[in-house]
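# An overview of the molecular structure
Next come the chains, spelled out residue by residue.
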Amino acid sequence: MTWDEMAPLLVESTLQTAQMILLSTLFTVLIGLPLGVALVVTDRGGLFPSPTLNRVLGVIVNIGRSLPFIVLMIAVIPLTRLIVGTTIGTIASVVPLTLGAAPFFARLVETALREVGRDKVQAAQAMGASRTTIVNKVLLPEAMAGLVAGLTVTVVALISYSAMAGAIGGGGLGDLAIRYGYQRFETTLMVITVIVLIAIVQLVQTMGDVVARRLARH
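Residues numbered from 1 in each chain as written. Predicted model: local features only at pLDDT ≥ 70, side-chain atom pairs only at ≥ 80, totals over all residues. Heavy atoms only, no water.

## Description of the confidence of the model for the chain
Our working definition: Per-residue confidence from the predictor is given as pLDDT, running between 0 and 100. Think of it this way: any DSSP run of H or I at least four residues long counts as a helix, any run of E at least two long counts as a strand, and we number them from the N terminus.
When the pLDDT values of the chain are averaged, the result is 89; 99% of them are 70 or greater. Between the elements of the chain, mean pLDDT differs from a low of 80, seen in helix H9 (residues 172-182), to a high of 93, seen in helix H5 (residues 90-114).

## Observations concerning the nonpolar core
Put simply, the rule reads: Note on terminology: a nonpolar core comprises buried Ala, Val, Leu, Ile, Met, Phe, Trp, Tyr and Cys residues joined through side-chain atoms within 4.5 Å. Under the scheme applied here, a residue whose accessible area is under 20% of the maximum for its type counts as buried, over 50% as exposed, and between as partly exposed, the area being computed with a 1.4 Å probe on protein chains only. Here, residues are in contact when the closest pair of their heavy atoms is within 4.5 Å.
If you look at the biggest cluster of nonpolar residues, it comprises 18 residues, and the most contacted ones within it are Val37, Leu47, Leu113, Val135 and Leu139. Of all the secondary structure elements, the ones that give two or more residues to this core are helix H1 (3-41), H5, helix H6 (118-126) and helix H7 (131-142). Among the elements that take part in this core, H7 stands out by supplying 5 residues, more than any other. Each residue touching Leu139, except ones within four places of it in the same chain, is listed here: Val41, Leu47, Leu113, Val116, Val121 and Ile134. Of all hydrophobic cores here, the second largest spans 16 residues; its members include Ile21, Leu158, Ala165 and Leu173.

## Observations regarding the side chain of Ser13
By secondary structure assignment, the location of Ser13 is in helix H1. A relative accessible area of 5% places Ser13 in the buried class.

## Details of the environment of Ser130
Put simply, the test is: Here a polar contact is recorded for every N or O atom pair within 3.5 Å, except that within protein the pair must consist of a potential hydrogen donor and a potential acceptor, and residues adjacent in sequence are included only if both atoms are side-chain atoms.
With respect to the secondary-structure elements, Ser130 resides in the loop between H6 and H7. Taking the relative accessible area as the measure of exposure, Ser130 reaches 37% and is therefore partly exposed. Taking the C-alpha atoms as reference, Ser130 lies 14 Å from Lys120; in sequence the two are 10 residues apart. One polar contact links Ser130 to Thr133, side chain to side chain, over a distance of 2.7 Å.

## Brief notes about the packing of helix H2 (residues 51-66) against H5
The line we're drawing: Here the axes come from fitting lines to C-alpha atoms, over the contacting stretch only for helices, and the angles between their N-to-C directions go from 0 to 180 degrees. Note on terminology: angles under 35 degrees are roughly parallel, angles over 145 are roughly antiparallel, angles of 65 to 115 are roughly perpendicular, and the others are oblique. Crossing handedness is read from the near helix: turned anticlockwise from the far helix by less than a right angle, it gives a left-handed crossing, and turned clockwise, a right-handed one. Each residue is assigned to one of three groups, with Ala, Val, Leu, Ile, Met, Phe, Trp, Tyr, Cys and Pro labelled nonpolar, Asp, Glu, Lys and Arg labelled charged, and all others, Gly among them, labelled polar.
The interhelical angle for the contact between H2 and H5, taken along N-to-C directions, is 125 degrees, at an axis separation of 8 Å. Taken together, the axes of H2 and H5 lie oblique to each other. Of the two possible hands of crossing, H2 and H5 adopt the one that is left-handed. Across the interface between the two elements, Gly58, Val61, Asn62, Gly64 and Arg65 from H2 touch Pro103, Phe104, Ala106 and Arg107 from H5. Residues belonging to the contact of H2 with H5 are distributed by class as follows: 4 nonpolar, 3 polar and 2 charged.

## Topic: a nonpolar patch on the surface
For clarity, the threshold we go by: Any residue with relative accessible area above 30% and no salt bridge may belong to a patch, with like charges joined within 9 Å and the nonpolar Val, Leu, Ile, Met, Phe, Trp and Tyr side chains within 5 Å. For the accessible areas, the method is Shrake-Rupley and the probe is 1.4 Å, while residue cover comes only from the protein chains on display. Salt bridge, as used here, is a side-chain nitrogen of Lys or Arg placed within 4 Å of a carboxyl oxygen of Asp or Glu.
Among the surface-exposed residues, Val59, Ile63, Leu67, Ile70, Val71 and Ile74 lie close enough to one another that they form a single nonpolar patch of about 490 Å² accessible area. Elements that contribute at least two residues to the nonpolar patch include exactly H2 and helix H3 (69-75). The dominant element in the nonpolar patch, judged by the number of residues it contributes, is H3, at 3 residues. Following the sequence through the fold, Leu67 ends up in the loop between H2 and H3. Using a relative accessible area of 36% as the deciding quantity, one classes Leu67 as partly exposed.

Right, dumping it as structure tokens:
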């Protein structure tokens, strides 16, 4: 296969991977952030203590984190078909990607929030701030550097997951590597695909580290 033949395939697959990552990251944050906050505030001694709810949420998160992604993709095929109308393609991959990453991100959110000093929460309570205000104005802003770092780790994991999504026709660089690099023995294309994935991971990690460091200084 010549470069003229490979280039369009690489560009198309890279754009598909980017689309998968952007959409799944958005939905992961929308689900994982509130879930992580809920794990903290419903714990004993939290702002909204509810041990029963906390245990239920903990079990849900642990189940989501314990399933290997390739198993999860297959297990949620009926749900994917219900939501998207198909089980193949870039958009269909967003469903298992989100379900796989959201519990992971929720635990990282929980860890970041627990690192916020208890004295800052108590100071806000002494000033008469409501519990919702404390979450929005104290916990989340104070944990922002940790949240960004956690999101960076999650996005890197999503890049890895998106490559695996190619195994069931999810599109993107993983699909390209399987269809051409593996099945058609196009070693050069396989190597280039790996290099592109590594470059994307390095870019995401570098950007995340820079943002997290800047937030940590404030």
